[in-house]
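So you can see what is in the structure, the chains are spelled out below.
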Amino acid sequence: MHKILWKTGAFLLFFVLLTGCGSGENQETAPNANSDQTESSQSSEQSEDTVRITLTKDQGEEYIHEKDIPVEEGDLLLDVLEENFYVETDDTGKFITSIERVSSDDDEERAWIYTVNGESPNVGAAEYELQAGDEIIFDFQKWK
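Note that the structure is a prediction, hence the values are computed from the model and not measured.

1. Here we look at the layout of surface pockets
Thinking step 1. As a volume, the largest pocket reaches approximately 230 Å³.
Thinking step 2. Forming the walls of the largest pocket are 14 residues, and the residues nearest its centre are W112, Y114, V123, G124 and A125.
Thinking step 3. Counting residues per element, the lining of the largest pocket draws most heavily on strand β5 (residues 110-116), at 3 residues.
Thinking step 4. Residues of the lining of the largest pocket, tallied by class, amount to 10 nonpolar, 2 polar and 2 charged.

And the structure:
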């Protein structure tokens, strides 16, 4: 009886060791597969073209938010802004009245003014076509 228990115990130990080694091999290959996927996703993120949108108040005195956003050729600034921030526009859909819930009271003469790469574009955000690397600043400021 003692020999049967010893053989059964030895068999179970062998089986446990064999199973443990087998799962160790799977664990070795699994991280490699995951790291390949991680490297692939990181390289695709790095290859995407991005713009940086910064939100400020009073000519940069107060910082609100900043985000790097992937863009594709032909993307319009207002569309990208609306996809990434809480934005409200007037009835025409072209004039921005609020970004991230920052807006003026009726008696205030304040508005969202934007620059691209330090210059004021000649078109509104609804018509401005983004280019990779653009740095856009929307500043909530007095307009008079």
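2. Structural notes on the nonpolar core
Thinking step 1. If you look at the biggest cluster of nonpolar residues, it comprises 23 residues, and the most contacted ones within it are I53, L77, L81, I96, I99, I136 and F138.
Thinking step 2. If you list the elements that add at least two residues to this core, you get β1 (49-57), β2 (62-71), α2 (77-84), β4 (96-99), β5 and β6 (135-142).
Thinking step 3. Tallying contributions element by element places α2 first for this core, with 4 residues.
Thinking step 4. If near-sequence neighbours (up to four positions away) are discounted, L77 is found in contact with I53, Y114, A125, Y128, L130, I136 and F138.

3. So, the pairing of β2
The side chains of a regular strand alternate between both faces of the sheet.
Thinking step 1. Sheet topology note: the β1/β2 ladder contains 9 bridges and is antiparallel. By the bridge assignment for β2, L55 is matched with H65.
Thinking step 2. Once β1 ends, the chain turns through 4 residues before running back antiparallel as β2, passing D58 with a positive phi of about 55°.

4. Details of the sheet that holds β1
Two pairing modes exist for strands in a sheet, parallel and antiparallel, and in both the strands are linked by backbone hydrogen bonds.
Thinking step 1. If you trace the 4 strands from one edge of the open sheet to the other, you get β2-β1-β6-β5, paired in mixed fashion. Two strands bound the open sheet, and with one partner strand each, they are β2 and β5. Pairwise comparison of adjacent strand axes, ignoring direction, gives a mean angle of 20° for this sheet.
Thinking step 2. Helix-sheet contacts for α2 involve β1, β2, β5 and β6, and the interaxial angle to β2 is about 110°.

5. Here we look at the side chain of D139
Thinking step 1. Tracing the backbone through its elements, the reader meets D139 in strand β6.
Thinking step 2. Polar contacts involving the side chain of D139 include one to the main-chain amide nitrogen of Q59, which spans 2.6 Å.
Thinking step 3. Ignoring sequence-local partners within four residues, the contact set of D139 consists of T56, K57, D58, Q59, G60, A111, W112 and I113.

Thresholds, definitions, all that
- Residues numbered from 1 in each chain as written.
- Predicted model: local features only at pLDDT ≥ 70, side-chain atom pairs only at ≥ 80, totals over all residues.
- Heavy atoms only, no water.
- 1 Å grid on protein atoms, 1.4 Å probe; cavity = no way out; pocket = protein on both sides within 12 Å on 5 of 7 lines; lining within 4 Å.
- Points joined across faces, edges and corners; volume = space filled by probe spheres on them.
- Helix = DSSP H or I, 4+ residues; strand = E, 2+ residues; numbered from the N terminus.
- Nonpolar A, V, L, I, M, F, W, Y, C, P; charged D, E, K, R; others polar.
- Core = buried A, V, L, I, M, F, W, Y, C linked by side-chain atoms within 4.5 Å.
- Buried < 20%, exposed > 50% of the residue type's maximum accessible area, 1.4 Å probe, protein only.
- Contact = heavy atoms within 4.5 Å.
- Pairing = 2+ DSSP bridges.
- Axes fitted to C-alpha atoms, helices over the stretch in contact; angles between N-to-C directions.
- Polar contact = N/O pair within 3.5 Å; in protein donor to acceptor, adjacent residues only side chain to side chain.

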